[in-house]
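Residue-level structure breakdown
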Amino acid sequence: MQKRLHAFVCGRVQGVWYRASTQKTAQKLGLHGWVGNLADGRVELVAEGDEQALQQLLDWCWQGPTLAQVTDIQQEWSDTTHAFSDFSTRRL
């Protein structure tokens with residue numbers, strides 16, 4: 001089943017290659033969407049694709065790259081919009 005995940009990742013997630021690592025992981029899972037840093041220190045991501053692949057991405061997000069320290073992930077699930085053709089990084 002195709003779904004959409006919108007998440008805000010909290011903790012030490014900027015300046016530790018979190019965006020690039022998230023993009024690489026999402027691409028390996030065949031997901032579409034984007035990831036970007038927020039001014040308040042969080043990382044925001046929107047991903048669409050297979051629900052199982054999205055859950056794998058979410059599980060990965062709790063760990064992140066080596067230097068990351070994730071303290072919380074706020075998440076919202078909804079129906080896919082098919083608005084993306086790839087998975088990219090964004091400057092927000």
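Relevant structure appears above.
This text gives an overview of the structure that appears in the document. Every value quoted in this text rests on a predicted model; they were computed, and no experiment measured them. (Residues numbered from 1 in each chain as written. Predicted model: local features only at pLDDT ≥ 70, side-chain atom pairs only at ≥ 80, totals over all residues. Heavy atoms only, no water.)

1. Some remarks on the packing of helix α1 (residues 18–28) against helix α2 (residues 51–63)
Selection criterion: Structural elements are reduced to axes, namely lines fitted to C-alpha atoms, with helices fitted over the stretch in contact, and the angle between N-to-C directions of any two is expressed from 0 to 180 degrees. Here a strand is any run of E in DSSP of at least two residues, a helix any run of H or I of at least four, and the numbering for each starts at the N terminus. Put simply, angles under 35 degrees are roughly parallel, angles over 145 are roughly antiparallel, angles from 65 to 115 are roughly perpendicular, and the rest are oblique. Each crossing gets its handedness from the near helix: less than a right angle anticlockwise from the far helix is left-handed, clockwise is right-handed. Any two residues whose heavy atoms approach within 4.5 Å at even a single point are treated as in contact.
Running from N to C, α1 and α2 cross one another at 155°; their axes reach a closest spacing of 10 Å. Our classification of the angle between α1 and α2 gives roughly antiparallel. Along this stretch, α1 crosses α2, giving a crossing that reads as right-handed. Here α1 contributes Tyr18, Ser21, Thr22, Thr25 and Ala26 to the contact with α2, which in turn contributes Leu57, Trp60 and Cys61.

2. Notes on the sheet that holds strand β1 (residues 2–12)
This is how it is decided: Any two strands with at least two DSSP bridges between them are considered paired.
The strand order across the open sheet built from five strands is β4-β1-β3-β2-β5, with neighbouring strands paired in mixed fashion. Sheet topology places β4 (69–78) and β5 (87–91) at the edges, where each strand pairs with a single neighbour. Neighbour to neighbour, the strand axes of the sheet diverge by 20° on average, direction disregarded. Pairing analysis gives six bridges linking strand β2 (residues 32–37) to strand β3 (residues 43–50), with the strands arranged antiparallel. Across the sheet, asparagine 37 pairs through a bridge with valine 43, a residue of β3. Packing against the sheet, α1 makes contact with β1, β2, β3, β4 and β5, and its axis sits at approximately 160° to β5. Here α2 sits on the sheet in contact with β1, β3 and β4, set at roughly 160° to β4.

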